[in-house]
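Topology and contacts: notes
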Amino acid sequence: MPVPQARAAARPALPARRRLSRPGVLLAAALSCAVPGCVDAVTVEQEAPPPALGVNESRALTLEFLRFDAKNFSKKLTLEELKALPRPTLEGIWLLDLDISALIENALLRVMYMPPAEVDALSPAARNLVGLLNMTPESADLRGTSLEYLLGVGNAVGIPTSKILADLVGADENERIIPVEITAQAVLENLVSTHPNTQLRKGLPTSEHPDGVYPVAPNAIPVTLYDVVTDFAGLAAQFGPAPLDPDDPDGPKHPGFIKATSGVKAALDDFTMTVQVNVQALPYKGVDATAAAVASVNSTPGQVASMFDFSKPDWLELNGLAKHLAIGELTMAIPESPMHLPGGTSEEPAPRGDSPVWEQPPWEFEHILARAGELRAAQIEDHCTKYGPQGSSTGEFEPVAVCIDERGWTTIAVEESIVVPEESRPAPSYFWDILVEVAQARLHDGGLAEGEADLEVTVRDVPVGVKTSDLVASIKENLAKDALLLKDMAIELNDNAAGDADFYLYQRSTESGVAGQRDYLYFVAPDDIRRDAEGAPVREYAYKNPGFFADAALAEKRSTTEEIDGDVLHEKVEVKPGDALYFEDDEGRRYQIAVGDKPSPHRLSLTLTRIQ
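Predicted, not measured: the structure shown is a model, and the values here were computed from it. (Residues numbered from 1 in each chain as written. Predicted model: local features only at pLDDT ≥ 70, side-chain atom pairs only at ≥ 80, totals over all residues. Heavy atoms only, no water.)

1. Some points on the overall build of the chain
The cut-off we apply is this: The secondary structure listing takes helices from DSSP runs of H or I that are at least 4 residues long and strands from runs of E that are at least 2 residues long, numbered from the N terminus. By the convention used here, residues are in contact when the closest approach between their heavy atoms is within 4.5 Å. For accessible areas, the Shrake-Rupley method is used with a probe of radius 1.4 Å. Any residue's cover is judged against the shown protein chains and nothing else.
Within the chain, the secondary structure is distributed over 16 helices and 25 strands. Put simply, of all contacts in the chain between residues at least 6 apart along the chain, 72% involve residues at least 24 apart. Approximately 28300 Å² of the chain is accessible, and the part contributed by carbon and sulfur atoms is 52%.

As structure tokens, this is what we get:
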């Protein structure tokens, strides 16, 4: 078959400050599906740019409106194609808030069940942590605490210390005093959820969130498309040390909770993301007043809200995600307080007492343990148990009484006839005060001084705890709620802008079944600003008076943001031959637009005059 000849009309080149963009991927792909055969590449030499207009100078220009509607067009993006998109574009596509409750619990379980050889290779503080996480009434080591005297009492009257502790917490003697799910909850609340990047995430500005800042779901981390295609490469940076106030980078910092990660595999090598779109793929032709020349505006921004048909289950498909999401190697860190924190001895101030542990940063180990003790105490039924010799309470001699009430207030009383040093008799306290005292003593085993027991432990093959199918369902649900999340990616895929227009010609999709009967001029919006190779706008949106006016003083606005074909983003005005409009460009120059005749249904002539 004969090869059709390509034809391109020469147009003025743009000023040096304005760069031509590449053809849109969607447009190129759509045309490749629509045009049979092949077209030889044609190189078009750009003419020298015309001079800018001086005051009271005019130039005649003709704008053309062309449509190429790609209906139900399916675009498949490979992993490499997604990685090639600008990082800000990928980071701007929020997919979901991923609940990491299971991840934290799985990480703690990995620590608790770590093989002995790996435990021996840990730092002293990390080894001590393994012992604390596995502490049972039977294994509890009370040396160096106010409960140490119970060892002597037990020897004197034959009461096993483990039995007293087991009865106190309502557990078997070989059952962990603090279950792993409670420890995980305390870590989530105190360490993870206090990190700035687990509290807030960036998004698109809306009327409800004009600053573009959104709250993150509890116990979750925000996940973007960048995280998925890079296998969460930024976890350590995102959830490491960070300013508590993002606006004060030199202020107090959160220490972070992830020190390092590796071996994460979210998107497999054959990962693909397929979207179905309905899009007018050709650019809009407009006027760059600075150059007094025709320029092309990316047609995508005003169509994003209608590009995707969310009623179709296959509007978005994600294939090639790992079936079992896991982190190959995860290093978590928990700081220790630099000072010893004694347990409280007063019921006031309610409901936690007077221990200084509650005044310390919530992410410190001692505060986390206190919170775990508080959560555990809430599960213990109030009771009071008295013990006689050999643990029997049937005789008249009951030398030990252990009581805990519904608040967690604990008393351990020893009969006066039992000889123990008076200073060794513990004062009543809350259950968590006892736990923190014992934990601090054991955390420093091995000769560690206060402030030397910061915890850092690496675990391997930690399941994230979420099914891939649930992950995909959440992603599709969230994106369907707000298609604008895909705006930047859609702009990149259909990047057909050239030059920097201040306004452009638009015609309704149909008017009484016939296109091209009514002409509108649209003033550019921030989303229309052309992007560079990194996805950043090439210029600021510096228009002080966007829109079209009836007078040179810009006192009477003619344009509105009325809805046309779903667009409420742009200032727009209907024009007819003989109309005169005024506007100001982004450099403060003012112009008159004199609307001329229509050479054809889809073309409009106008004369641009600089008036100031």
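Having seen the model, we can carry on.
2. Things to note about the packing of helix 9 (residues 180-192) against helix 13 (residues 365-377)
For clarity, the cut-off: Only the stretch in contact is used when fitting a helix axis, every axis being a line fitted to C-alpha atoms; angles between N-to-C directions are given from 0 to 180 degrees. Put simply, angles under 35 degrees are roughly parallel, angles over 145 are roughly antiparallel, angles from 65 to 115 are roughly perpendicular, and the rest are oblique. Helix crossings fall into two classes, left-handed where the near helix is turned counterclockwise from the far one by less than a right angle and right-handed where it is turned clockwise.
Remark: helix 9 packs on helix 13, axes separated minimally by 9 Å, with the N-to-C direction vectors making an angle of 130°. Classified by the interaxial angle, the pair formed by helix 9 and helix 13 is oblique. Note that helix 9 runs across helix 13; the crossing there is right-handed. Across from Ile 182, Gln 185, Ala 186, Val 187, Glu 189, Asn 190 and Leu 191 in helix 9, the residues of helix 13 making contact are His 367, Ile 368, Arg 371, Ala 372, Leu 375 and Arg 376.

3. A short note on the confidence of the model for the chain
Let me state the cut-off plainly: Every residue gets a pLDDT, meaning the predictor's confidence in that residue, from 0 to 100.
Averaged over every residue, the pLDDT of the chain is 86; residues scoring 70 or more account for 87%. Confidence over residues 1-23 falls short of pLDDT 50; this stretch has 56 contacts with residues more than four positions distant or in other chains. Within the model, pLDDT remains below 50 along residues 31-44, and this stretch shows 12 contacts once partners closer than five positions in the same chain are excluded.

4. Looking at the sheet that holds strand 14 (residues 324-334)
One key point about sheets: their strands pair by backbone hydrogen bonds, in either a parallel or an antiparallel sense. As a reminder, the rule being used: A pair of strands is labelled paired if DSSP reports no fewer than 2 bridges between them.
Reading across the sheet, the 3 strands line up as 9-14-19 and stay open at both edges, with antiparallel pairing between neighbours. Of all the strands in the sheet, just strand 9 (258-262) and strand 19 (455-467) have a single pairing partner and so form its edges. Each neighbouring strand pair of the sheet contributes to a mean axis angle of 30°, computed without reference to strand direction. Here 4 bridges tie strand 9 to strand 14, and the two strands are oriented antiparallel to one another. Counterpart to Ala 260 in the pairing with strand 14 is Thr 331. Along the sheet face, helix 4 (residues 101-112) touches strand 14 and strand 19 and points at about 130° away from the line of strand 19.

5. Section: helix 4
Which entries qualify depends on this criterion: What a helix is expected to span follows from its residue count: subtract one and scale by 1.5 Å.
Compared with an ideal rise of 1.5 Å per residue, which puts 12 residues at 16 Å, helix 4 spans 17 Å between its outermost C-alpha atoms and is within 8% of the ideal. The secondary structure elements touched by the buried residues of helix 4 are helix 6 (124-133), helix 9, strand 14 and strand 19.

6. Let's talk about the side chain of Arg 201
As a reminder, the rule being used: Note on classification: 1.4 Å probe, protein chains only; a residue is buried when its accessible area is under 20% of the maximum for its type, exposed when over 50%, partly exposed between these limits. All tallies of charge rest on Lys and Arg as positive and Asp and Glu as negative; His and the ends of each chain are not included. Any carboxyl oxygen of Asp or Glu that lies within 4 Å of a side-chain nitrogen of Lys or Arg is treated as forming a salt bridge with it.
Within the fold, Arg 201 resides in strand 4 (residues 200-202). One buried charged residue, Arg 201, remains without a salt bridge, the closest side chain of opposite sign being Asp 97 at 4.1 Å. Residue contacts for Arg 201: discarding those within four places in its chain leaves Trp 94, Asp 97, Gly 212, Val 213, Tyr 214, Val 216 and Pro 222.

7. Quick word on the packing of helix 4 against helix 9
With their axes 9 Å apart at the nearest point, helix 4 and helix 9 run at an angle of 120° to one another. It follows that helix 4 is oblique to helix 9 by the angle criterion. In the packing of helix 4 onto helix 9, the handedness of the crossing is right-handed. Packed against helix 4, whose contacting residues are Ser 101, Ile 104, Glu 105, Leu 108, Leu 109 and Met 112, the element helix 9 presents Val 180, Glu 181, Thr 183, Ala 184, Val 187, Leu 188 and Val 192 at the interface.

8. Looking at unusual backbone geometry
Here Glu 348 and Pro 349 are connected by a cis peptide whose omega angle stands at 0°. Cis geometry is found at the peptide bond from Ala 350 to Pro 351, where omega equals 5°. Here the phi dihedral of Asn 72 falls at roughly 50°; this positive angle occurs in a residue that is not glycine. Relative to the helices and strands, Asn 72 resides in strand 2 (residues 69-78). Residue Asn 72 is classed as partly exposed on the basis of its relative accessible area of 41%. If you check the backbone angles, Asp 461 has positive phi at about 50° while not being a glycine. With respect to the element layout, Asp 461 can be found in strand 19. By relative accessible area, which is 52% here, Asp 461 ends up exposed.

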